[in-house]
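Chain residues, written in single-letter form:
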Amino acid sequence: MAPGGERRTIPLREVVLPHQCPRPVRMDVLSRTPYFAGLDPDALDGIDRRMRARTVRAHEHVYVAGEPADALYVVAQGAVSLAHVTEDGAPTLTDVLVPGELFGAMGTLGEPVHLQTATALVDTCALRIGQDDFRAVLRERPVVALRVLDDVAARLARAHDDIGGQSTDTVPQRVATALLRLADKVGRDRPGEGLLLEVPLSRADLAALARTTPESVSRVMSGWKQQGVVASGRRWTAILDRDRLEQEARGSA
């Protein structure tokens, strides 16, 4: 509850997109994409020409786990969720991607099928590059090939760290870490309302990111709401006290 007993109602700003991502948007996003950052304008132009813009409406899939993987994507506008699908068919959120982030898979990188399902959280424009065009970029731009190798190594290291962290971190630590990661990606400062996470996440989504249960997330979030650390409503969350949340993530609160 907000001061004075009024209920907080923070609307989520919807993303309204054109049918195609305009060139200035594409070039800006590619210049911020880890594989392509720092390349000269001519190099970025060549990569852009190999890509195709795709508009995906909110809640529609970009691809589904199990489908053949033959392309990489860059979020140009909007936001995309990645989710594993459990044996009973329920999606388990693993990440939220924002403009400039890469996703997808291809046989060239050792993944012939998609292991996760990618879904637009809001209306989204993504840039797609097929396997043959990506291989051409790697041949033409050795620096990109080196970055791809570094990225693959970093993913393996993160997977190892995640396994260790899951067994030693407390639930509040994992929830705080997930919220802070989202804040860095999709947080928008609203004076008097804290840092709003501009993606529609449910308790189950946050639980999946924190690798715990929705019931555990609800207990942690309820405590933090009473202490003024966070505020939340149906599918929205705002961070009111980031310093305290960072302490929780470190286990020093």
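Below you will find a few notes about this structure. (Residues numbered from 1 in each chain as written. Predicted model: local features only at pLDDT ≥ 70, side-chain atom pairs only at ≥ 80, totals over all residues. Heavy atoms only, no water.)

1. Observations regarding the packing of helix α5 (residues 171-186) against helix α7 (residues 214-226)
How two helices sit against one another is set out by the angle between their axes and by the gap between those axes. For the pair α5 and α7, interaxial distance at closest approach is 10 Å and the crossing angle is 75°. With respect to α7, the element α5 is oriented roughly perpendicular. Of the residues in α7, those touching α5 at Val171, Pro172, Val175, Ala176 and Leu179 are Ser216, Val217, Val220, Met221 and Trp224. Class assignment of the residues belonging to the contact of α5 with α7 gives a composition of 9 nonpolar, 1 polar and no charged. (Axes fitted to C-alpha atoms, helices over the stretch in contact; angles between N-to-C directions. Helix = DSSP H or I, 4+ residues; strand = E, 2+ residues; numbered from the N terminus. Parallel < 35°, antiparallel > 145°, perpendicular 65-115°, else oblique. Contact = heavy atoms within 4.5 Å. Nonpolar A, V, L, I, M, F, W, Y, C, P; charged D, E, K, R; others polar.)

2. Remarks on the sheet that holds strand β1 (residues 52-56)
Taking strand neighbours across the sheet as the criterion, the 4 strands line up as β1-β8-β3-β6 in an open arrangement whose pairing is antiparallel. Both outer strands of the open sheet, β1 and β6 (102-106), are each paired with one neighbouring strand and no more. For this sheet, the mean angle separating the axes of adjacent strands, direction not counted, is 25°. Running at roughly 110° to strand β3 (residues 70-77), helix α1 (residues 23-32) makes contact with β3 and β8 (124-130) of the sheet. Each of β3, β6 and β8 is contacted by helix α3 (residues 131-140), which is oriented at about 70° to β8, the strand it contacts most. (Pairing = 2+ DSSP bridges.)

3. As for the nonpolar core
Nonpolar side chains in soluble globular proteins tend to end up buried together. Among the nonpolar cores identified, the biggest contains 31 residues, and Val175, Leu179, Met221, Trp224 and Leu245 are the most heavily contacted of them. For this core, the elements supplying multiple residues, two or more each, are β5 (91-97), α5, β10 (194-197), α6 (203-210) and α7. With 8 residues, α5 is the single largest residue contributor to this core. Apart from the residues within four sequence positions on either side, Trp224 is in contact with Pro172, Val175, Ala176, Leu179, Val229, Val230, Arg244, Leu245 and Glu248. Within the second largest apolar cluster, 24 residues are counted, among which are Cys21, Ala43, Val144 and Val148. (Core = buried A, V, L, I, M, F, W, Y, C linked by side-chain atoms within 4.5 Å. Buried < 20%, exposed > 50% of the residue type's maximum accessible area, 1.4 Å probe, protein only.)

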